[in-house]
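These are the residues of each chain, in order.
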Amino acid sequence: MAQMSKIEGLIEELLREIGEKPDREGLLRTPGRVARSFEFLTQGYELDPQKILNEAVFEESYNEMLIVKDIDFYSLCEHHLLPFFGRAHVAYLPSKDRVCGLSKVARTIDVFARRLQMQERLTSQIADAIVEHLDPLGVAVILEGEHLCMRMRGASKSE
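Overview of the structure.

Criteria and thresholds
Residues numbered from 1 in each chain as written. Predicted model: local features only at pLDDT ≥ 70, side-chain atom pairs only at ≥ 80, totals over all residues. Heavy atoms only, no water. Helix = DSSP H or I, 4+ residues; strand = E, 2+ residues; numbered from the N terminus. Expected span 1.5 Å × (residues − 1). Buried < 20%, exposed > 50% of the residue type's maximum accessible area, 1.4 Å probe, protein only. Contact = heavy atoms within 4.5 Å. Core = buried A, V, L, I, M, F, W, Y, C linked by side-chain atoms within 4.5 Å. Pairing = 2+ DSSP bridges. Axes fitted to C-alpha atoms, helices over the stretch in contact; angles between N-to-C directions. Salt bridge = Lys/Arg side-chain N within 4 Å of Asp/Glu carboxyl O.

1. Section: helix 4 (residues 102-113)
Now for step 1: Here helix 4 is twelve residues long and its end C-alpha atoms lie 17 Å apart, about the 16 Å a rise of 1.5 Å per residue gives.
Now for step 2: All buried positions along helix 4 are accounted for by K104, V105, T108, I109, V111, F112 and A113.
Now for step 3: Against helix 3 (49-54), strand 2 (66-77), strand 3 (83-93), strand 4 (98-100), strand 5 (116-117) and helix 5 (119-134) lie the buried residues of helix 4.

2. Let's talk about the environment of V90
Now for step 1: Structurally, the position occupied by V90 is in strand 3.
Now for step 2: Residues V90 and I130, 40 residues apart in the sequence, show an inter-C-alpha distance of 9.6 Å.
Now for step 3: Discounting residues that sit within four places of it in the chain, V90 has contacts with L66, I67, V68, V105, I109, I126, I130, A140 and V141.

3. A word on the side chain of H133
Now for step 1: Position of H133 among the secondary structure elements: in helix 5.
Now for step 2: Take H133: its relative accessible area is 9%, and that puts it in the buried class.
Now for step 3: Once residues within four sequence positions are removed from consideration, H133 is found in contact with P49, Q50, L53, N54 and R98.

4. Examining the nonpolar core
Now for step 1: In terms of nonpolar packing, the biggest core is built from 27 residues, with F73, Y92, V105, I109, L122 and I126 touching the most fellow members.
Now for step 2: Elements represented by at least two residues in this core include exactly helix 3, strand 2, strand 3, strand 4, helix 4, helix 5 and strand 6 (138-147).
Now for step 3: Tallying contributions element by element places helix 5 first for this core, with six residues.
Now for step 4: Every residue in contact with F73, bar those within four places of it in the chain, is listed here: F84, F85, G86, R87, A88, I109, A113, L122, L143, E144 and G145.

5. Quick word on the sheet that holds strand 5
Now for step 1: Overall, mixed pairing links the four strands, which are arranged 5-2-3-6 in an open sheet. Only two strands of the sheet have a single neighbouring strand rather than two, namely strand 5 and strand 6.
Now for step 2: Two strands pair when backbone bridges link them, and strand 3 and strand 6 are joined in this way by ten bridges, in the antiparallel orientation. Residue A88 lies in a different strand from strand 6, and its bridge partner there is L143.
Now for step 3: Along the sheet, helix 4 contacts strand 2, strand 3 and strand 5; its crossing angle with strand 2, the most-contacted strand, is approximately 20°.
Now for step 4: Across the sheet, helix 5 touches strand 2, strand 3, strand 5 and strand 6, and the angle it forms with strand 6 is around 155°.

6. Considerations on the pattern of salt bridges
Close approach of charged atoms lets side chains of opposite charge pair.
Now for step 1: One pass over the full model with this rule turns up eight salt bridges.
Now for step 2: The closest approach of N and O atoms between E55 and K104, which form a salt bridge, is 3.2 Å. Placement of the pair is E55 in the loop between helix 3 and strand 1 (57-59) and K104 in helix 4, with a sequence separation of 49 residues.
Now for step 3: For E55, a relative accessible area of 46% translates into the label partly exposed.
Now for step 4: Overall, the relative accessible area of 14% leaves K104 in the buried class.
Now for step 5: A salt bridge links R151 to E146; its shortest N-O distance comes to 2.4 Å.
Now for step 6: A relative accessible area of 38% places R151 in the partly exposed class.
Now for step 7: One network of salt bridges, in which partners are shared, links E55, K104 and R107.

Right, here's the structure in full:
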């Protein structure tokens, strides 16, 4: 709880620094809302991909590629603290008859997406976690993302 009130104080200070009045009606509870928002958006630091993947590993005689696609993800750009989001597609070829529940692939994406990120690192972290915990013959991860830091500032480009 102490950390939350520290974040609230920092947000209040930020509001003052940009020329706002944190005590005006519309901003009265904003520092608390922002603190709770950051707590949720960065909860991936508290999650363990090994625990998530290993709680749903099954011994199945299955040698076809498993594909989970169109998984929504949301993250924060580590350079600007602005959102980026999109869809993830993950495929892996099981080995040693080890498969995991498909929802665990989606939860593994969230573990890493709910941290300050770069899309390139996020892609690698998802693939590395699957390799480390499932030991597949191969894995592929594709992320399609839209970065608000590109749309709202800098290049101001979409797509």
